[in-house]
Amino acid sequence: MAIKNRKKRITARISALLLSAAMLCSLSACSDPVAVTKIKGTPTEAGAAESTLLHSVGDKANLQQVGKSGLIELLFDESTYSVCVADLSHDDSEKLWSALPTQENSGAATATLEIVSGDTLYKLNTQDNSVSFQNAQCSFADDALSVTYILAPDTATAHKEKYDKDDIAFKLVVNYQIKDGSVYVSAKYENLVADSDAKLTKLSLLNFFGAYSEPQQGDYIFVPDGSGALIKTDTRDDSFDSELSFPIYGGDAASGHANSGTANALIPAYGMKQGNNAFVTIIDSGDAIATVSADRVRGGNDFYEAGVSFDITPCTESKGKFYMSSESYDGDIGLCIRFLGGSNADYTGMAAAAREQLIRERILSTRTVEEQEYLPLDLTVIGVSDDTLFSFKRLNLRKEKTFTDFEQALDMLTRMKSKGINSIKLRYKGALSGGTDQSSIMTASLLARLGTRSDLKDLVEYVNAQNMEMYLDVNLLSAARGDSFSSGRTAGSIFGKKAEYNAINKSPLGKDKYAKRLLGMKYVERSIIEILRDTRFSQFTGFCLNDVGSLLYSDYKNGFNRQDSAEMISEQLPSLTANMKLMTDTGNFRFIKNVSFISHLPTSASQSRSAYVSVPFLQLVLHGIVGYSGEPLNFSENAKTSFLRCVEYGASPAYEWTYSDTYADKKNKSDEDSTDTVGVYYENWIASASELYERADAALKDLQAARMTSHSEIMSGVFCTEYDTGAKIYVNYTESDVTVSGITVPAGGFIRIN
């Protein structure tokens, strides 16, 4: 996934052009860079092509073999110019996975292109806008196939030998290769009309691969929501009323999409299980501009389906205006589809296949977690943050306050050690200029109010003597809007302004969200150099890169699309690991290869209902490669349940504390009727934390380097997690004791067997 076509990059200026020709604005009157705008609404969708009978797979007997690898066979359907994959892993039958459904459907296609030209949006697909016009062709090589589609909106345009400037005509080449028991798919596009203003905004690829309408018992779709989620297609769910979407690595903050989609995805993968077969798709090129989508049979949709689309030319609507980048992504787009059969055909098998592929692609490290005598507890302490001084109705007076200085952090660690918490990864948050609303890392320094150099030295010496670790929490890519990067070093947004977004604060302390400015991508290297120059920083074990784990954006001013940005950050992070360790928050897979620990890795999906359940897909991929914790237990409304989830998911317990009590803690203490269990004052939590840590340490400490090999719900509310050492951990969320294989799992508890 190296940076593509670097020399071709032109500074990404947004062209100033009203999408209605009558409303062109003067370039000199617009801000720099200028945006494509339309005064009212989004482009009007052009009429769809007449439906054809080219949307379903042909007869198996008429399919042509492209190649075979292991127990799978790649086949080509000449009547629809689509592909099928036959899984031959079962002796008595074979499973046929098709790019098009077996039933006719006017919407199914190998690929769909969304194109904006003038004030019109065209949605062209390979079946209606190419194959039906006899404008598709193919070529074969060893175990490989290349299909070229010429897509046009109508017959007249499709059959032209020379295009007019206003015509819409695009070439799409989809390549397939079968090797190592997998099918690799790549796509490249080209605008065939010279000097055209038409822009390909979105490319959807293989969105109907494996689509079906009649599920079997146990069938589901895996989607990358939080820790991972299963859409149970065998379970009725009338509340499911729209397609779900999961932007890989979150939405693009510079395009106004920071919180778009159903939920953010940390891993570029999705999959499907049908009967005794399954597949998992890993997005191995173009992952940073990809969005996974999934849908189920409902009114207006006939299939259970999952697929991926790529934002080729970013665009958005805001306040009645339509904005579109003048630069389009022209790098690689690629998928790897892995096929599973028998006992491996489930989400644990998908996770194992995804892990293997991500290691091959060098997204994940080949290392294993360093063996430690004790399980680490992930402790975030807040140095300086804003807090409420007085609140009455809508009046809320706030002031910045020191909550944990160096001496107090040392006292906290000493008390925790005395209570049997022997291994701690201390993450010092709010220690730099601006506190938890950090200033620009270019100018930020350790806050003097936290203590003297001697105080810091005492804390460091204790941490080192106890074989603990201490990480300085750093926002590398964002800074407080009021104390941000200089104007020249700020990223540009699609709106022709400085790139900004609102960072959601999950902590009970501080504001609900903080307004941030984003760093220009070409200054990432310089920011890292500034971090390494500060000698006081070197006393820490390493850095916790807070925003890097959950924030990725384009930089329109400096010529970086999201894929470029992802590759720039990935290239620069190793320089921070020369003599220090790295931790990150949340854990976007693009940036975890060089980290030794992930703080607050999600342990649930964004929602829960009968046909939509959370699974530890991320944990199945990561366990043994990198250590991780779950969300802070003191952020949970039910810390006991959250603790059980940590044990089930193989995660270190996590807390976020202050040495001094906060306004909310004081208010809850004075209110006898308060039932609020969420807070950050450590005195309220240290006793229970010690008890829970002791239980987690006994169950998980010798499994830190082990691979998680299986996870399943063995009965309602009772789960089993297995490791490659042979260890099994049963977790019982019910209110009654449960007997499993002669072993009693206590109500609201867990048990480990070897």
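Residues numbered from 1 in each chain as written. Predicted model: local features only at pLDDT ≥ 70, side-chain atom pairs only at ≥ 80, totals over all residues. Heavy atoms only, no water.

Chemist: Mind showing me how you'd approach the sheet that holds strand S4 (residues 64–69) here?
Modeler: In sheet architecture, strand pairing relies on hydrogen bonds along the backbone and comes in two forms, parallel and antiparallel. Sheet architecture is open: four strands sit in the order S4-S5-S6-S7, paired in antiparallel fashion. Each end of this open sheet is capped by a strand with a single partner; those strands are S4 and strand S7 (95–98). Mean inter-strand twist for the sheet, computed between neighbouring axes without regard to direction, equals 25°. Pairing analysis gives six bridges linking strand S5 (residues 72–77) to strand S6 (residues 82–87), with the strands arranged antiparallel. (Pairing = 2+ DSSP bridges. Helix = DSSP H or I, 4+ residues; strand = E, 2+ residues; numbered from the N terminus. Axes fitted to C-alpha atoms, helices over the stretch in contact; angles between N-to-C directions.)

Chemist: It is not clear to me how the pattern of salt bridges should be interpreted in this structure. Could you clarify?
Modeler: Pairing is possible between side chains that carry opposite charge, provided their charged atoms lie close to one another. Considering all chains together, one arrives at 25 salt bridges under this definition. Between Arg-427 and Asp-585 there is a salt bridge, and its shortest N-O distance comes to 2.8 Å. Here Asp-585 lies in strand S34 (residues 581–585) and Arg-427 lies in strand S28 (residues 424–429), a separation of 158 residues in the sequence. Note on Asp-585: relative accessible area 11%, which makes it buried. (Salt bridge = Lys/Arg side-chain N within 4 Å of Asp/Glu carboxyl O. Buried < 20%, exposed > 50% of the residue type's maximum accessible area, 1.4 Å probe, protein only.)

Chemist: What exactly am I supposed to notice about the packing of aromatic side chains here?
Modeler: Aromatic ring pairs are reported here in terms of the distance separating the ring centres and the angle at which the planes meet. Taken as a whole, this structure holds 19 aromatic pairs when the rule is applied. For the ring pair Tyr-220 and Tyr-347, a centre distance of 6.2 Å and an interplane angle of 55° mean the geometry is tilted. Taken together, the positions of Tyr-220 in strand S15 (residues 220–223) and Tyr-347 in helix H2 (residues 347–360) put the pair 127 residues apart, joining distant regions of the chain. Taken as a pair, Tyr-220 and Tyr-347 share a single burial class, namely buried. (Phe/Tyr/Trp six-rings, centres within 6.5 Å; stacked < 30°, edge-to-face > 60°.)

Chemist: Where do I start with unusual backbone geometry in this structure?
Modeler: Trans peptide bonds make up the majority, and among non-glycine residues the majority have a negative phi. Here the phi dihedral of Asp-180 falls at roughly 55°; this positive angle occurs in a residue that is not glycine. Backbone geometry at Leu-206 places phi at a positive 55°, although glycine is not the residue there. Mapped onto the fold, Leu-206 is located in the loop between strand S14 (199–205) and S15. Of the residues examined, Leu-206 reaches a relative accessible area of 3% and is grouped as buried.

Chemist: Which parts of the structure should I look at to understand the sheet that holds strand S41 (residues 728–732)?
Modeler: Read across the open sheet, the four strands follow the order S39-S40-S41-S44; overall the sheet is antiparallel. Two strands lie at the open edges of the sheet, namely strand S39 (708–715) and strand S44 (749–753), each paired on one side alone. On average, adjacent strands in this sheet sit at an angle of 15° to one another, irrespective of strand direction. Direction of pairing for S41 relative to S44: antiparallel, over a ladder of five bridges. Note that in S44 the partner of Asn-732 across the bridge is Gly-749. Of the strands in this sheet, strand S40 (718–723), S41 and S44 touch helix H10 (residues 686–700), which is tilted by about 25° from S44. (Contact = heavy atoms within 4.5 Å.)

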